[in-house]
Amino acid sequence: MTNIIKLHNELLHKTYKHGSYEAFKIDDPKPRDIHKAEVRDRLLHHTIYRMLYPYFDKKFIYDSYSCRVGKGTHKAIYRFKSFIKKVSKNDTKTCWVLKCDVKKFFANIDHSILKEILKKHIQDKNILWLLENIIDSFYTSSSISDMADIEKGLPLGNLTSQLLVNIYMNEFDQFVKHELKIKYYIRYADDFVVLSQDKKFLEDILEKIKIFLENNLKLNLHPNKVFIKTIFSGVDFLGWVHFSNHRVLRTSTKKRMVRKLRENSKEEMRQSYLGMLSHGDAYKLGQTLKAS
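These numbers were taken from a predicted model, which means no experiment stands behind them. (Residues numbered from 1 in each chain as written. Predicted model: local features only at pLDDT ≥ 70, side-chain atom pairs only at ≥ 80, totals over all residues. Heavy atoms only, no water.)

Enquirer: Just give me the short version of the overall build of the protein chain, but keep the residues and values in it.
Expert: Within the protein chain, the regular secondary structure consists of 10 helices and nine strands. Of all 292 residues assigned to the protein chain, the portion counted as buried reaches 45%. Put simply, of all contacts in the protein chain between residues at least 6 apart along the chain, 65% involve residues at least 24 apart. Element-wise, carbon and sulfur atoms account for 54% of the exposed surface of the protein chain, whose accessible area totals about 16100 Å². (Helix = DSSP H or I, 4+ residues; strand = E, 2+ residues; numbered from the N terminus. Buried < 20%, exposed > 50% of the residue type's maximum accessible area, 1.4 Å probe, protein only. Contact = heavy atoms within 4.5 Å. Areas by Shrake-Rupley, 256 points an atom, 1.4 Å probe, with all protein chains shown as cover.)

Right, here's the structure in full:
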């Protein structure tokens, strides 16, 4: 209670300063740098998220699926399936898919741009002061002498980061829907897809997408994770390889699941994997996991 009262007084008198972070790495599935804030700061993150999420969620487009109530990866892949059916006219037309991935997404969120976006939506100076305090508590550079990176990056460990990146990328979502007028578009964090019967259309909008991200958000697409291909050849999106009438688990994901079950054979983990597999065509793999 003493700590809570102290935090309250710091906020009241605007003497609050966000604390430092504990850094550690995880492999899930690729190496990621996680930065965990102190307990007092995490308490504040939850309060901010709880108060601001309902306001901003109403401003997001329907087909943004990351870190939102009632959304998530499963909803995104089922939506993707429905778009495939609509664009291909029930498999009677060729369905082309533009798949993109933003390079080092969290590490390249520009602080000054994010603050300007927040100012468009929030007039309360106290809330803006608090959000700026949290945003500026972290930067991607390992050395303060590297001035170029001091105004960039959000920590993966903060709950507020999940909301802030959606607010940031909502600028792009609105551009896609209202300027490019794209109907069949799905985004999950930094992964997004656009579906069309016209390959040339996708090639044309790809250049416009690159220009908008670079000029407006200072983000770049990952050169090795951008492609245009037909759904017939299989499209890798959110851990599954999607085809017109079925989806199969990515090979690397299969291997990781089997390896983790060998290392940790707890029934809870097995049931968790089986639940995930129920969202795709993975009967044989499910039988393998049950038998292992």
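Enquirer: So what's going on with helix 3 (residues 73-87)? Residues and values would help.
Expert: Here helix 3 spans 21 Å end to end across 15 residues, near enough to the 21 Å set by a 1.5 Å rise per residue. Buried positions along helix 3 lie against strand 3 (96-101), strand 4 (185-188), strand 5 (191-196), strand 7 (235-237), strand 8 (240-242) and strand 9 (247-249). (Expected span 1.5 Å × (residues − 1).)

Enquirer: Which residues make up the packing of helix 2 (residues 39-57) against helix 6 (residues 159-179), and what values do they have?
Expert: Look at helix 2 against helix 6: their axes get within 9 Å of each other, and the N-to-C directions meet at 25°. Judged on the interaxial angle alone, helix 6 and helix 2 are roughly parallel. As for the relative orientation of helix 2 and helix 6, their crossing is left-handed in sense. In this structure, helix 2 uses His 45, His 46, Ile 48, Tyr 49, Leu 52, Tyr 53 and Phe 56 to contact helix 6, whose residues at the interface are Leu 159, Thr 160, Leu 163 and Ile 167. Here the residues of the contact of helix 2 with helix 6 sort into eight nonpolar, three polar and no charged. (Axes fitted to C-alpha atoms, helices over the stretch in contact; angles between N-to-C directions. Parallel < 35°, antiparallel > 145°, perpendicular 65-115°, else oblique. Left-handed = near helix turned anticlockwise from the far one by under 90°. Nonpolar A, V, L, I, M, F, W, Y, C, P; charged D, E, K, R; others polar.)

Enquirer: Which residues make up the pattern of salt bridges, and what values do they have?
Expert: Under the defined criterion, the tally for this structure stands at 14 salt bridges. For Asp 110, the salt bridge is made with Lys 218, and the minimal N-O distance between the two is 3.7 Å. With Asp 110 in the loop between strand 3 and helix 4 (111-121) and Lys 218 in the loop between helix 7 (199-216) and strand 6 (227-230), this pair connects stretches of sequence that are 108 residues apart. For Arg 187, the salt bridge identified is with Asp 173, shortest N-O distance 2.9 Å. In this pair, Arg 187 is assigned in strand 4 and Asp 173 in helix 6, connecting sequence segments 14 residues apart. For Asp 173, a relative accessible area of 0% gives the class buried. Several salt bridges converge on common partners, so that one network encompasses Lys 6, Glu 10, Arg 40 and Asp 41. (Salt bridge = Lys/Arg side-chain N within 4 Å of Asp/Glu carboxyl O.)

Read these as layout, nothing more, since geometry by itself doesn't imply function.
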